[in-house]
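Each chain is listed here by its residues.
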Amino acid sequence: PISTFELFRLGIGPSSSHTVGPMRAARQFAQELEASGHVAHLACVTIDLYGSLALTGKGHGTDRALLLGLMGEQPETVDVDRIDAYVAEIRKSGEILLLSRHRLPFNEAQHLLLHKMRTLPQHPNGMRFTATDSRGKPLLERLLFSIGGGFVVADGDIGQPAAAAAVAVPA
């Protein structure tokens, strides 16, 4: 069972599906990338947004939430007074500090792609995270979905009970 406190969470943006979920997904991907040992060979991270996330992502703050998540920020603890500065620095420098430790190039026009005319069949809020090396070889790829209430599920978990399918993101 899911409690009311899990469903109604505080977070940035007007929609938990468009901000809290994507922030958690980006952080989870960054943590998995670091844990896998691929960071040493990492050249870039690309995020593809599909369906609803692509259509309203910029207006609902999905872009900002993803950047914050890659930095390692969490919806419950991010310093909301610093969000604008964090995002402005990434956009100005063309770099992001993955998990606040690993510097890599990040240009939104190249690394955050909005596929406005494409919805994935599994769910309307799809995100594909891809990490590649300097030769363009994929190091890690994950397809995740923001299913509402800040919950994120992996591709193979769509249709499973929410409690079992929800991605646990360690603090």
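What comes next is a walk through the structure. (Residues numbered from 1 in each chain as written. Predicted model: local features only at pLDDT ≥ 70, side-chain atom pairs only at ≥ 80, totals over all residues. Heavy atoms only, no water.)

Before going further, it helps to examine the overall build of the protein chain. Of the regular secondary structure elements, the protein chain holds seven helices and seven strands. Of the regular secondary structure in the protein chain, the N- to C-terminal order runs α-α-β-α-α-α-β-β-α-β-β-β-β-α. Counting over 171 residues, the protein chain shows a buried share of 46%. Summarising the internal contacts of the protein chain: among those between residues at least 6 apart in sequence, 67% fall at separations of at least 24. Approximately 8,500 Å² of the protein chain is accessible, and the part contributed by carbon and sulfur atoms is 53%. (Helix = DSSP H or I, 4+ residues; strand = E, 2+ residues; numbered from the N terminus. Buried < 20%, exposed > 50% of the residue type's maximum accessible area, 1.4 Å probe, protein only. Contact = heavy atoms within 4.5 Å. Areas by Shrake-Rupley, 256 points an atom, 1.4 Å probe, with all protein chains shown as cover.)

To continue, consider the pairing of strand β3 (residues 102–105). Of the pairings in the sheet, the one linking strand β2 (residues 95–98) to β3 comprises four bridges and is antiparallel in character. Residue pairing for β3: Leu98 is matched across the bridge by His102. As consecutive antiparallel partners, β2 and β3 are separated by three residues, and within that stretch Leu99 has a phi angle of approximately 55 degrees, a positive value. (Pairing = 2+ DSSP bridges.)

Let's shift gears to the packing of aromatic side chains. Tallied over the full model, the rule gives one aromatic pair. For the pair Phe29 and Phe129, a centre-to-centre distance of 5.3 Å together with 25 degrees between the ring planes defines the contact as stacked. Linking Phe29 in helix α2 (residues 20–35) with Phe129 in strand β5 (residues 126–132), this pair joins segments that are 100 residues apart in sequence. Each member of the pair, Phe29 as well as Phe129, carries the same accessibility label: buried. (Phe/Tyr/Trp six-rings, centres within 6.5 Å; stacked < 30°, edge-to-face > 60°.)

In terms of burial, helix α4 (residues 62–71) is largely enclosed, as nine of its 10 residues are buried. Where α4 is concerned, the buried positions are Thr62, Asp63, Ala65, Leu66, Leu67, Leu68, Gly69, Leu70 and Met71. Phi for Gly72, located one or two positions after α4, is positive at around 100 degrees.

Turning to the sheet that holds β5, a few remarks are in order. What holds strands together in a sheet is hydrogen bonding between their backbones, with the strands either parallel or antiparallel. Reading across from one edge, β4-β1-β5-β6-β7 is the order of the five strands in this open sheet, with mixed pairing throughout. Strands with a single pairing partner mark the edges of an open sheet, and in this sheet they are β4 (112–115) and β7 (151–154). Mean inter-strand twist for the sheet, computed between neighbouring axes without regard to direction, equals 25 degrees. Where strand β6 (residues 138–148) and β7 come together, four bridges link them in antiparallel fashion. For Ser146, the partnering residue across the bridge sits in β7 and is Val152. α2 rests against β1 (44–50), β5, β6 and β7 of the sheet, and its axis sits at about 155 degrees to β6. (Axes fitted to C-alpha atoms, helices over the stretch in contact; angles between N-to-C directions.)

In this section: the packing of α4 against helix α5 (residues 83–93). Each pair of packed helices gets described by two things: the angle between the helix axes and the distance between those axes. In contact at an axis separation of 10 Å, α4 and α5 are set at 85 degrees when each is read in the N-to-C sense. Between α4 and α5, the interaxial angle falls into the category roughly perpendicular. Each of Asp63, Arg64, Leu67, Leu68 and Met71 in α4 lies in contact with α5, whose residues at this interface are Ile83, Asp84, Tyr86, Val87, Ile90 and Arg91. Residue composition of the contact of α4 with α5, by class: seven nonpolar, no polar and four charged. (Parallel < 35°, antiparallel > 145°, perpendicular 65-115°, else oblique. Nonpolar A, V, L, I, M, F, W, Y, C, P; charged D, E, K, R; others polar.)

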